Structure formats: C-alpha cells, structure tokens
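The chain contents come next:
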Amino acid sequence: MLTIKLPQIFQVHQVPRIFWEDGIMSGYRHPRSSALDCLLSSFQMTNETVNIWTHFLPTWYFVWRFLALSSSLDFCQEPYLWPLLIYLLLVCLYPFASSCAHTFSSMSARARHICFFCDYGALSLYSLGCAFAYGAYAMPEPWVSGGWHRYFVPAAAFNSFICTGLSCYSRFPELERPRLSKVLRTTAFVYPFLYDNIPLFSRVSPRWGTAPRGAPPPPHNFSPSSPQLFFCFWGSCAWSEAVAGYCYHLLFALLTGFLFASHLPERLAPGRFDYIGHSHQLFHICAVLGTHFQLEAVLCDASSRQAWLRRRVPAPGLPGTFGTAGLVLLGNAAIIGAFTAALSRAPGSSGSPTGGPVGTRGAVGTQA
C-alpha cells in the first residue's frame, strides 16, 4: 500500500532566526526542505498552509474571470482593451507568485530570499497593471488628456523599480534592524499604492460626484450592495457602480495595509494563531477581496465610459502598452537578479549561526 510521509513540523526555537515570524511560535517547516517536501507541506497544517491556499485558489478565480472575458472581448484586435489585458494578466500573476513564494520559501535561507524577491516583483508589476487600468479607464473627467494623464503610466513604471528595489533591499537588514526593514518594506508598497490611486481618491470624493457626460446613468434600484457590483460583465454596469467598487477596493486595501504593518492578532497572543487566523492570512484574504472589487470597478468603467473615452483619448499603441510592460518586466527581473547576486552579504542567507543552528537534513538543532 502506497503511503506518503508528510514532512516534520518544528517550533520557533528549532529553526534559524531568518525563518521566524512575529508572534508565530510553531508550525515551521524544515529550513532545508526539498521541493517535494514543500509541495507536500501544502497539504498538511503548517503556519504557511493557509497562506499558500489563500492565494493559490484566487489565482484560478482570476484566471476564470480572464478566460470568461476573453470569450466575449477581442483583446488582440481592439487597442482600447490592451490596458485591460495587461491588468488582467498581472492580476493573475501576483497571487500565483505569492503562493509559490510561500510554498518553496523553506528550501533554504537563500531560497527564502529569492522566493520573496519574486513575490515583491510580482506585486510591483501588479501596481503597474493598476496604473494601466486607471490611466485608461478611471481618470476623472477634468484630467483626461492632460499632462499628468499622459505621464501617469510612465511614472508608475518608474515607481515599480523603486518598489522592487526597496522591498528587496529591506530583506538585508531584517535580522539586525527589523524595524528599519519593516519600514522600508511598508514604504515600498504604500508609495506606489498611493500614487496609483490618486485618480480614485478624486473619483470617490464628493466634489466629483457626478457621472461624465455621455456615461449611462445609474439604475433606479442601484445601491452599494447591488449584485452587479460583485460580478460586472461587459455592458451591464453603470458609472456609479464603478465608484462604489472603488470604495470597497480602498476599504480592503486599508485593511490589508493595517494587517501587514500591525501583525495583529498574533502579537497580542503569541502561539494562539499559528495555524489559522494570523495577520498574514487575513492580509491575503483582504488583498484578494480588494482586487476583486477593483477588477469589477475597472470593468464597469471600461464598459460604461468606452464611447466617451474613445472621443477624447487616442487609441493605445503597442509601445505605450506592451512595450512599456515588457521593459518594466525586464527591469524588475534585472533588479531581482542584482539582489540575488548580492545575497552572500545578507545576514542568515547561508544558514550561519547568526540565524540559528541548523542540524542535518533529518533534524533541526535547538537554538541556544
């Protein structure tokens, strides 16, 4: 009879410091796990299991949404839809990269750094995808075709390099100066978020509370809980529903940032939320819900404002869409490669005693 032996689970004092998480006392995997062990561990309860699945399953939800839209929209032949296509692809990428990072981050200290470098790069690219979508479909009417509108995406591309570089660098002082590391990493993601969402802050403010000329009016029975807000299909949504969706997106983004920075609730009760309910799991769930509402709002805008935008904005070209996205992808890959090459100077990246003693493949030593 075929039996599969699941990997052993360890306490926090049994693994090197580089693997420690604030307030998480148990459920750690072997710090030198094989790739197979990492995959098997996703089917047993560790402190990473829910992290893996809360982004792996949403990846396939977003892929389903993309395929459903692809069956009714001509992404290849319609330049108006190219920013939406880039956004959808990056929405599918970032949760998948996160799931992979959490799955394979216990292969070694070096692998852990590289996994999260790639995770940060995917988040940085997602922020660029948001800028593509907002620049193409969500700009407030007074800003359309203005100078800032024209440079909105190029500036977001530059921001993505800052985001990736700063977040990757934040892993280097992680052991010696953990507060500095946290501040750098938080800044790396808050900065592009604030920049990307400037159009939304204007959209949801009362002074911009009327729909653009030519946009369909909201239905008489519209409310923030309208079913169309949860699943917007092409041509079925009104402008007001997009604004409500952006409000939900911003709400969940705020919760995501709070959970990421606070490490609550596990900081209040270390060991109580090791497997279920700790902040990173809640962070993942809020991030996915925020992305869902963002996606539906973007689809509402792209559909309801299409005729109005076509009359005022030139059709997107290949250099400004796929060309920009390709250059940013290569640039981010180069940044990740440079930080990977510098890992020999990262504390704990070689499994040295600085990070806690590690035993043989079969056992982990106890920290002194």
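Analysis parameters
Residues numbered from 1 in each chain as written. Predicted model: local features only at pLDDT ≥ 70, side-chain atom pairs only at ≥ 80, totals over all residues. Heavy atoms only, no water. Salt bridge = Lys/Arg side-chain N within 4 Å of Asp/Glu carboxyl O. Helix = DSSP H or I, 4+ residues; strand = E, 2+ residues; numbered from the N terminus. Buried < 20%, exposed > 50% of the residue type's maximum accessible area, 1.4 Å probe, protein only. Core = buried A, V, L, I, M, F, W, Y, C linked by side-chain atoms within 4.5 Å. Contact = heavy atoms within 4.5 Å. UniProt positions renumbered as here; feature names shortened; annotations may be inferred.

Asks: What should I look at first to understand the pattern of salt bridges in this one?
Replies: As a working rule, side chains carrying opposite charge can pair if their charged atoms are close by. Scanning the model with the defined rule gives six salt bridges in all. The partner of glutamate 21 in a salt bridge is arginine 112, with the nearest N and O atoms 2.7 Å apart. Of this pair, glutamate 21 sits in the loop between strand 1 (9-10) and strand 2 (28-29) while arginine 112 sits in helix 4 (residues 109-138); the two residues are 91 residues apart in sequence, bridging distant segments of the chain. Accessibility expressed as a relative area gives 34% for glutamate 21, which makes it partly exposed. In this structure, arginine 65 and glutamate 296 form a salt bridge, with 2.7 Å as the shortest nitrogen-oxygen distance. Here the residue arginine 65 occupies a position in helix 2 (residues 49-70), and glutamate 296 occupies one in helix 11 (residues 279-304), the gap between them amounting to 231 residues. Note on arginine 65: relative accessible area 0%, which makes it buried. Several salt bridges converge on common partners, so that one network encompasses Arg171, Glu174 and Arg185.

Asks: How should I be thinking about the nonpolar core in this particular structure?
Replies: Buried together is how nonpolar side chains tend to be arranged in soluble globular proteins. Counting 51 residues, the largest nonpolar core has Phe75, Leu84, Tyr87, Leu88, Tyr134 and Tyr246 as the members making the most contacts within it. Looking at this core element by element, the count peaks at eleven residues for helix 4. In this view, phenylalanine 75 contacts Phe66, Leu69, Ser70, Leu81, Trp82, Leu84, Leu85 and Leu88; residues no more than four positions away in its chain are not counted. Counting 15 residues, the second-largest nonpolar core is a separate cluster that includes Cys115, Phe116, Cys163 and Phe339.

Asks: Whenever I open this one, the UniProt feature "binding site: Zn(2+)" (unreviewed entry) in the protein chain confuses me. Can you help?
Replies: Mapped onto this numbering, the UniProt entry annotates "binding site: Zn(2+)" (unreviewed entry) at His102, His280 and His284. In terms of the greatest pairwise C-alpha distance, the residues named above, spread along 183 residues, form a tight cluster of at most 11.6 Å across. Classification of histidine 102 by relative accessible area gives buried; the value is 3%. For histidine 102, the contacting residues outside a window of four places in its chain are Arg29, Glu48, Asn51, Ile52, Phe116, His280 and His284. Inspection of the secondary structure assignment puts histidine 284 in helix 11. Given the relative accessible area of 1%, histidine 284 is considered buried. In this structure, histidine 284 is in contact with Asn51, Thr54, His55, Ser98 and His102, ignoring residues within four places of it in sequence.

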